[in-house]
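# Structural overview for review
The residues making up each chain are set out below.
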Amino acid sequence: MKNKNIALVTGGSNGIGKSIVCQLVKDGYFVIVTDIDINAGADLCTELGEESIAFLECNVSQESSVRNLFQTIRSKYKKLNVLINNAGIIRDNLIWNMSEEDFDAVIGVNLKGTWLMCREASNIMKQQEEGRIINISSRAWLGNKGQSNYSASKAGVVALTRVLALELGKYNIYVNAIAPGLIDTPLSRNLKKEVLDKLIDAQPTKTMGKPEDVANLVAFLASEHTHFITGQTIYVDGGKNIGAGI
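Residues numbered from 1 in each chain as written. Predicted model: local features only at pLDDT ≥ 70, side-chain atom pairs only at ≥ 80, totals over all residues. Heavy atoms only, no water.

### What about the overall build of the protein?
Defined as follows: Secondary structure follows DSSP: runs of H or I at least 4 residues long count as helices, runs of E at least 2 residues long count as strands, and numbering of each begins at the N terminus. Between the two quantities, the radius of gyration covers C-alpha atoms and the globule rule is 2.2 Å times the number of residues to the power 0.38. Here the term buried applies to any residue with accessible area under 20% of the maximum for its type, exposed to any over 50%, and partly exposed to those in between, with areas from a 1.4 Å probe on protein chains only. Residues are treated as being in contact if the distance between any of their heavy atoms lies within 4.5 Å. Surface accessibility follows the Shrake-Rupley procedure with a 1.4 Å probe radius. Residue values consider only the protein chains on display as shielding. When charges are counted, Lys and Arg are positive and Asp and Glu negative, with His and the chain ends excluded. Charged groups are reduced to one reference atom each: NZ for lysine, CZ for arginine, CG for aspartic acid, CD for glutamic acid.
Along the protein, the regular secondary structure elements total eight helices and seven strands. For 246 residues, the compact-globule estimate of 2.2 N^0.38 gives 18 Å, and the protein sits close to it at 17 Å. Referenced to the eigenvectors of the C-alpha coordinate spread, the extents of the protein come out at roughly 50 × 40 × 35 Å. Residues counted as buried form 50% of the 246 residues belonging to the protein. Within the protein, contacts between residues separated by at least 24 positions form 70% of all contacts whose residues are at least 6 apart in sequence. A total of about 12100 Å² of accessible surface is found on the protein, and carbon and sulfur atoms cover 52% of it. Both charge centroids of the protein, one from 26 positive and one from 26 negative side chains, sit 4 Å from each other.

### A short note on the environment of Thr207
Filter applied, for reference: Polar contact is the term for a pair of N or O atoms within 3.5 Å; when the atoms are in protein, one must be able to donate a hydrogen and the other to accept it, and sequence-neighboring residues count only if both atoms are side-chain atoms.
For Thr207, the position within the fold is in the loop between α7 (193-201) and α8 (211-222). For Thr207, a relative accessible area of 40% puts it in the partly exposed group. For the pair formed by Thr207 and Gln128, sequence separation is 79 residues and the distance between their alpha carbons is 42 Å. In this structure the side chain of Thr207 is engaged in a polar contact, spanning 3.0 Å, whose partner is the side chain of Thr205.

### Structural notes on the side chain of Gln23
With respect to the helices, strands and loops of the structure, Gln23 is situated in helix α1 (residues 15-26). According to the relative accessible area criterion, Gln23 is buried, its value standing at 16%. Residue contacts for Gln23: discarding those within four places in its chain leaves Ala215, Asn216 and Ala219.

### So, the sheet that holds strand β2 (residues 30-35)
What counts is decided by this rule: Strand pairing requires that DSSP identify at least two bridges connecting the strands. Under this scheme, a helix contributes an axis fitted over its contacting stretch, all axes are lines through C-alpha atoms, and angles between N-to-C directions fall in the 0 to 180 degree range.
Taking strand neighbours across the sheet as the criterion, the seven strands line up as β3-β2-β1-β4-β5-β6-β7 in an open arrangement whose pairing is parallel. On the outer flanks of this sheet lie β3 (53-57) and β7 (233-236), each paired with one strand and no other. On average, each strand axis in the sheet is inclined to that of its neighbour by 20°, with strand direction left out of account. The sheet contact formed by β2 and β3 spans five bridges and is parallel. The residue of β3 that forms the bridge with Asp35 is Glu57. Together, β2 and β3 form the strand contacts of helix α2 (residues 38-48), whose direction differs from that of β3 by roughly 170°.

### Thoughts on the nonpolar core
Just so we agree on the cut-off: Definition used in this section: a nonpolar core is a set of buried Ala, Val, Leu, Ile, Met, Phe, Trp, Tyr and Cys residues joined via side-chain atoms within 4.5 Å.
By size, the foremost hydrophobic cluster in this structure holds 29 residues, and its most contacted members are Leu8, Phe70, Leu80, Leu83, Met117 and Ile133. Breaking this core down by element, the ones donating at least two residues are β1 (6-10), β2, α3 (63-77), α4 (100-128), α5 (148-168) and β6 (173-180). Among the elements that make up this core, the one with the highest residue count is α4 (seven residues). Look past the residues within four positions of Leu83 in its chain and what remains in contact with it is Leu8, Met117, Cys118, Ala121, Met125, Arg132, Ile133 and Ile134. Counting 28 residues, the second largest nonpolar core, distinct from the first, contains Val25, Tyr29, Val214 and Ala222.

Remember that the coordinates give geometry; whether it matters functionally is a separate question.
Shown next, in the form of structure tokens:
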């Protein structure tokens, strides 16, 4: 671990987050995984080995929890090379049926949580004069029925990414966003078959993406090959963002 780059992945115990963690470990990073799912985090440590990852519990929507996380990172690991903000939740409903609590919860995790993590990471990375921040947004930032909270939160992540690219570029810190579309995860597989079939049919590729498709892009943006790419939102959605489909 001494000579390895350190990456931090929020929401890294399951789904896309787990795929990102596995790819970064494969690429030689020591990965700090945060999640509220303690059991899944422990399982991941067993699977990948404590020489490759560490699990730290964190609620990204709570300032005190995020500050405590970064205090541990500063004292134990001394540096942070890459931050991947992947943690997110959904609470879908049409706006007239959506509660204030569901709106606040989604904004709190998806947008405020990303902002809190970026704020703390930027302080470390400024001192290092080096770093990568990769924010996982969603194609839904363009707008989805029933997701006024989720789409707004992910649009905020895109805007935050652009602002931070402007603020941090002179410190050799590069900030980009990834906007996944329909990805084959347990969440998508839990949809009713007729709903999932309809979503797949709306894809120009007529397929779902894989978590590895997102992880591969994360690995590229985290690498040393991206010194002139910042402030961008890159879609991993089979072309759905161009408006094709139903």
